[in-house]
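These are the residues of each chain, in order.
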Amino acid sequence: MKHLLLILLFCCALTTRAAEVAMADVAVYGATPAGVCAAVSAAREGARVLLVEPSDHVGGVNTGGLCFSDSNQMAREALRGLFEEFHQRIEDDYTRRGVKLPYSVAVKDNKPWTYEPQVATRVMKAMLKEAGVQIHPSQVLARVVKDGPRIKSITTAKGDTFSAKTFVDATYEGDLMAA
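Residues numbered from 1 in each chain as written. Predicted model: local features only at pLDDT ≥ 70, side-chain atom pairs only at ≥ 80, totals over all residues. Heavy atoms only, no water.

(A) Quick look at the pairing of strand E6 (residues 141–147). As paired elements, E6 and strand E7 (residues 150–156) share 6 bridges and run antiparallel to each other. By the bridge assignment for E7, valine 144 is matched with isoleucine 154. Hairpin connection of E6 to E7: 2 residues between the antiparallel strands, including glycine 148 at a positive phi of 65°. (Pairing = 2+ DSSP bridges. Helix = DSSP H or I, 4+ residues; strand = E, 2+ residues; numbered from the N terminus.)

In structure tokens form, the structure reads like this:
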């Protein structure tokens, strides 16, 4: 019986994962398009960035099927920065594979920008990797620790803790701020 108990304890120890503790300058909760942009921007400015996502999906609606953008209908001055870079990289991805899109990101001609979810995923993940953002998928928020009005750390249902100097709530529903 003693040996059986030891074997069971050993097996449990093998399957139990140690809780992760990660620290950064900026922690972004929510890998939505806004979350990806916030993470990439902060990392490009030299911050150590964690992107914590409750699901296993990075990129939100842009990588999940909403692959039509009528943004080319807007004032061109509003479409710069990471938004334009994202779309230019999508166009470049297709061009490298020999696919001619029915539009050019550089041309303001009122044509809608369209792309496949897999291309958007590839582009967003590349941007995050190049910026050095650490991605932590499948991390559902369980608890928030504050010091006065400031968030100091969050703990997820897996028991992992993420600490940062600055937190960004990039969820669609404001989950971090509500917690």
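(B) Local environment of the environment of methionine 23. Assignment of secondary structure puts methionine 23 in strand E1 (residues 21–29). Under the relative-accessibility criterion, methionine 23 is labelled exposed at 56%. As a C-alpha pair, methionine 23 and arginine 48 span 25 residues in sequence and 8.5 Å in three-dimensional space. Dropping the residues within four chain positions of it, methionine 23 is found in contact with Arg48, Leu50 and Ser163. (Buried < 20%, exposed > 50% of the residue type's maximum accessible area, 1.4 Å probe, protein only. Contact = heavy atoms within 4.5 Å.)

(C) Region of interest: the confidence of the model for the protein chain. This prediction gives the protein chain a mean pLDDT of 87; 83% of its residues lie at or above 70. Throughout residues 3–15 the model reports pLDDT below 50, and contacts reaching past four residues in sequence, or to other chains, amount to 0 contacts. (pLDDT = per-residue confidence, 0-100.)

(D) Quick peek at the nonpolar core. Within the largest apolar cluster, 30 residues are counted, with the highest numbers of intra-cluster contacts made by Val49, Leu51, Phe86, Ile90, Leu128 and Val133. Secondary structure elements with two or more residues in this core: E1, helix H2 (33–44), strand E2 (49–52), helix H4 (81–96) and helix H5 (117–131). If we ignore the near neighbours within four places in the chain, the residues touching valine 49 are Ala24, Val26, Val28, Ala39, Ala42, Ala43, Gly132, Val133 and Gln134. Residues Ala24, Val144, Phe162 and Leu176 belong to the second largest nonpolar core, which totals 14 residues. (Core = buried A, V, L, I, M, F, W, Y, C linked by side-chain atoms within 4.5 Å.)

(E) Representation of the pairing of E2 within the structure. By the alternation rule, side chains of E2 split into Val49 and Leu51 and Leu50 and Val52, which are all buried. One ladder, built from 4 bridges, connects E1 with E2; its direction is parallel. Considered in E2, the bridge of tyrosine 29 is made with valine 52. As a crossover connection, the stretch from E1 through H2 into E2 is right-handed. Two elements, E2 and strand E5 (residues 134–136), share 3 bridges in a ladder whose sense is parallel. Residue pairing for E5: valine 52 is matched across the bridge by histidine 136. (Right-handed = clockwise from strand over helix to strand, strands pointing away.)

(F) Region of interest: unusual backbone geometry. Residue serine 138 is not a glycine yet carries a positive backbone phi of 55°. Relative to the elements of secondary structure, serine 138 occurs in the loop between E5 and E6. According to the relative accessible area criterion, serine 138 is partly exposed, its value standing at 30%.

(G) Representation of H2 within the structure. Compared with an ideal rise of 1.5 Å per residue, which puts 12 residues at 16 Å, H2 spans 16 Å between its outermost C-alpha atoms and is within 8% of the ideal. Here H2 has its buried residues at Pro33, Gly35, Val36, Ala39, Val40, Ala42 and Ala43. Looking at the buried side of H2, the elements it contacts are E1, E2, helix H3 (60–64), H4 and H5. (Expected span 1.5 Å × (residues − 1).)

(H) Molecular detail of H5. End to end, H5 covers 21 Å across 15 residues, agreeing with the expected 21 Å (1.5 Å per residue, within 8%). Those residues of H5 that fall on the buried side of the exposure criterion are Val119, Ala120, Thr121, Val123, Met124, Met127, Leu128 and Ala131. Check the buried side of H5 and you find it contacts H2, E2, H3, H4 and E5. Remark: glycine 132 follows H5 within two positions and exhibits a positive phi of approximately 85°.

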